[in-house]
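Topology and contacts: notes
Each chain, letter by letter, is given below.
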Amino acid sequence: MTESDLVPVFDGHNDTLLRIYQSKDTDAEKLFIEGKSGGHIDLPRAKAGGFAGGMFAIFPPPVEKTRRSAVPLAPSDTEPLPPEVPRADALNSTIAMASILFRLERAGALTVCRSAGDVRDAMAQGSIAAVFHIEGVEAIDPELTMLDVLHAAGLRSLGIVWSRPNAFGHGVPFRFPSSPDTGPGLTDAGKALVKACNQLKIMIDLSHLNEKGFRDVAALSDAPLVATHSNVHAICGHSRNLTDWQLGAIRETGGMVGLNFATGFLREDGRMNADTSLDIMVRHVDSLLQALGEDGVGLGSDFDGAMIPAVIGDVAGLPKLIDALAARGFGRALIEKIAYRNWLSMLERTIG
């Protein structure tokens with residue numbers, strides 16, 4: 001496949017900033033640019049795979065861990081929630097990762113986009129279009145003063161929780177098999193956060209949020225419901241995946257879901273196993289299309305934050321998934337919707 005044949009991909013979620021932040025290599029940012037960075041994403045591989053941009057997540061890591069290896073490799077139906085992260089620690093790591101994002105922009109490695117128009121412009125110029133996203137808002141105070149600061153800096157998308165509790169709500173534990181009905185709903189601060197995000201045009205990500213919290217967002221938000229990196233619970237019964245009623249609620253608002261490449265959220269046995277076929281990924285896409293329609297499905301790889309199928313390997317392997325969709329009979333127009341057009345439409349309707 002030549003570069004001109006590549007279908008551009010705008011991706012709903014990656015953890016590349018976290019990987020750079022946690023790297024022991026002092027030249028991690030330079031290595032990201034030059035293409036010797038390890039992990040799943042760097043600039044040369046992004047170009048090779050047609051990666052046009054996405055939501056670049058800032059995830060406050062657990063204080064007691066040096067790596068984000070909090071997802072169990074073996075399925076468990078009793079896995080506890082990880083502990084809360086102190087706000088001071090979360091604030092430090094959040095600001096540090098935001099700084100990495102802006103340094104990469106100054107180096108010409110990407111463009112931080114504050115609107116859908118910015119994303120389109122960056123893609124047209126061949127620059128990676130990066131949307132500033134936070135996964136787990138432990139850095140934000142319940143009074144929401146930090147929300148204004150982060151929004152002014154460029155924050156345009158956030159997931160209220162990662163898979164742990166915080167001042168705003170509760171995430172789902174990494175349990176398999178399990179429904180996402182695992183705890184209480186949003187706190188009063190969480191409900192205020194939803195309303196503030198609507199006012200500021202910050203997209204709310206439902207991935208990692210438990211069922212009662214999901215219901216609260218659905219009742220409060222005037223924006224389309226979005227799960228940037230989640231899969232179909234009816235295929236893989238993991239607490240991280242979306243049940244039929246959740247998919248129905250997303251469809252009712254004209255929302256969308258990004259397919260998560262994490263093998264433990266794809267496989268019927270719930271295992272984190274790199275020996276996972278493209279067929280199961282296509283099966284999830286098929287099911288999402290049936291539940292949400294052609295305008296409601298995108299990609300949300302979780303690159304640099306999860307074990308993905310070895311057949312894809314890294315961002316350079318994105319064309320293999322595109323080819324698998326084509327082999328299943330998906331036309332070019334539908335593939336382009338899934339690859340990037342649906343995300344651009346969603347950003348227009350959420351962040352403006």
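If you're wondering where the values come from, they're calculated on a predicted model, not measured in any experiment. Positions within a chain are numbered from 1, following the residues in the order the chain's sequence is written. Owing to the predicted nature of the model, reporting of local features is limited to residues with pLDDT of at least 70; listing and counting of side-chain atom pairs is limited to 80 or more, with chain, interface and lining totals taken over all residues. Hydrogens and waters are ignored; side-chain quantities use all the structure's heavy atoms.

What follows concerns the pairing of strand β2 (residues 51-58). The rule is simple: take the accessible area with a 1.4 Å probe, protein chains only, and divide by the maximum for that residue type; under 20% is buried, over 50% is exposed, in between is partly exposed. Going along the chain from the N terminus, every DSSP run of H or I of four or more residues is numbered as a helix, and every run of E of two or more is numbered as a strand. The element β2 is largely enclosed, with a buried count of eight among its eight residues. Only when DSSP finds a minimum of two bridges between them are two strands counted as paired. Across four bridges, strand β1 (residues 9-14) lies against β2 in parallel orientation. When the bridges of β2 are listed, Val9 appears paired with Phe51. Two elements, β2 and strand β4 (residues 129-135), share six bridges in a ladder whose sense is parallel. Bridged to Gly54 within β4 is Ala130.

Turning our eyes to something else, we now look at the pairing of strand β8 (residues 256-259). Burial along β8 is two-sided: Met256 and Gly258 and Val257 and Leu259, pointing in opposite directions, are all buried. Sheet topology note: the strand β7 (residues 226-227)/β8 ladder contains two bridges and is parallel. When the sheet's bridge partners are listed, Ala227 is paired in β8 with Val257. Regarding topology, helix α9 (residues 244-252) serves as the crossover connection from β7 to the parallel β8, and that connection is right-handed. Bridging between β8 and strand β9 (residues 297-299) involves three bridges; their strand directions are parallel. Residue pairing for β9: Val257 is matched across the bridge by Val297. Each parallel crossover has a hand, and the one from β8 via helix α10 (residues 278-292) to β9 is right-handed. Call a crossover right-handed when, viewed with both strands pointing away from you, the route from the first strand across the helix to the second goes clockwise.

We now examine the packing of helix α8 (residues 211-220) against α9. For any two helices packed against each other, the geometry comes down to the angle between their axes and how far apart the axes lie. Running from amino to carboxyl end, α8 crosses α9 at an angle of 15°, the nearest separation of the two axes being 11 Å. The angle between α8 and α9 places the two elements in the roughly parallel class. Considering how the two elements wind past one another, α8 and α9 form a crossing that is left-handed. Of the residues in α9, those touching α8 at Glu211, Phe214 and Arg215 are Trp245, Gln246, Ala249 and Ile250. Considered class by class, the residues forming the contact of α8 with α9 number four nonpolar, one polar and two charged. The axes used here are C-alpha line fits, helices contributing only the stretch in contact, and every angle between their N-to-C directions lies in the interval 0 to 180 degrees. Our angle categories are set so that under 35 degrees counts as roughly parallel, over 145 as roughly antiparallel, 65 to 115 as roughly perpendicular, and the remainder as oblique. A clockwise turn of the near helix away from the far one marks a right-handed crossing, whereas an anticlockwise turn of less than a right angle marks a left-handed crossing. Contacts between residues were defined by any pair of non-hydrogen atoms, one from each residue, lying within 4.5 Å. When residue character is reported, Ala, Val, Leu, Ile, Met, Phe, Trp, Tyr, Cys and Pro are called nonpolar, Asp, Glu, Lys and Arg charged, and the others, Gly included, polar.

What follows covers the environment of Pro8. Here Pro8 is to be found in the segment before β1. Overall, Pro8 belongs to the partly exposed group, its relative accessible area being 26%. Between the alpha carbons of Pro8 and Tyr340 there is a distance of 6.5 Å; along the sequence they are 332 residues apart. Pro8 has contacts with Gly50, Ala52, Met123, Ala339 and Tyr340, leaving out every residue within four places of it along the chain.

What follows concerns α10. Given a helix with a known number of residues, its expected span is that number minus one, times 1.5 Å. An ideal rise of 1.5 Å per residue puts 21 Å on 15 residues; α10 measures up with 21 Å between its terminal C-alpha atoms. Within α10 the residues assigned to the buried category are Leu278, Ile280, Met281, Val282, His284, Val285, Ser287, Leu288, Leu289 and Leu292. Contacts from the buried residues of α10 go to α9, β8, β9, α11 (318-327) and α12 (332-350). For α10, the side-chain oxygen to backbone nitrogen distance between the N-cap and Asp279 is 3.3 Å, and the N-cap itself is Ser277. Within two residues after α10, Gly293 carries a phi angle of roughly 85°, on the positive side. Polar contact is defined as a pair of N or O atoms within 3.5 Å, subject to the rule that within protein one atom must be able to donate a hydrogen and the other to accept it, and that residues adjacent in sequence are counted only when both atoms are side-chain atoms.

Time to look at helix α5 (residues 116-124). Of the positions making up α5, those classed as buried are Ala116, Val119 and Ala122. Summarising the axial view, the buried residues of α5 lie within an arc of 120°, below the 170-degree limit, and thus occupy one face. Those residues of α5 that are buried are in contact with β1, β3 (111-112), β4 and α12. Note on α5: the residue one or two positions beyond its end, Gly126, has a positive phi of about 75°. The arc in question is formed by the directions pointing from the helix axis toward the C-beta atoms.

In this structure, His229 sits in the loop between β7 and α9. Since its relative accessible area comes to 0%, His229 is described here as buried. Among all residues touching His229, those that are not within four sequence positions of it are His13, Glu135, Asp205, Ser207, His208, Arg240, Gly258, Asn260, Gly300 and Asp302.

Turning our eyes to something else, we now look at the pattern of salt bridges. A carboxyl oxygen of Asp or Glu within 4 Å of a side-chain nitrogen of Lys or Arg is what we treat as a salt bridge. Under the criterion given, the structure shown has 17 salt bridges. Between Arg164 and Glu138 there is a salt bridge whose closest N-O contact spans 2.9 Å. Of the two residues, Arg164 sits in the loop between β5 (157-159) and α7 (188-200) while Glu138 sits in the loop between β4 and α6 (145-153), which places them 26 residues apart along the sequence. Summarising the burial analysis for this pair, Arg164 and Glu138 share the class buried. Residue Glu211 pairs with Arg215 through a salt bridge whose shortest N-O separation is 3.5 Å. A residue pair is termed a helical-turn pair when its members lie 3 or 4 positions apart in one helix, as Glu211 and Arg215 do in helix α8 at four residues. Several salt bridges converge on common partners, so that one network encompasses Asp42, Arg45 and Asp314.

Attention shifts here to the nonpolar core. Ranked by internal contacts, the top residues of the largest apolar core, which has 110 residues, are Leu158, Ile160 and Phe261. The greatest single-element share of this core, amounting to nine residues, is contributed by α12. Those residues in contact with Phe261 that lie beyond four places of it in its chain are Leu266, Met281, Leu299, Gly300, Ser301, Phe303, Met307, Ile308, Pro309, Ile312, Leu318 and Leu321. As used here, the term nonpolar core means buried Ala, Val, Leu, Ile, Met, Phe, Trp, Tyr and Cys residues forming a set that is joined through side-chain atoms within 4.5 Å.

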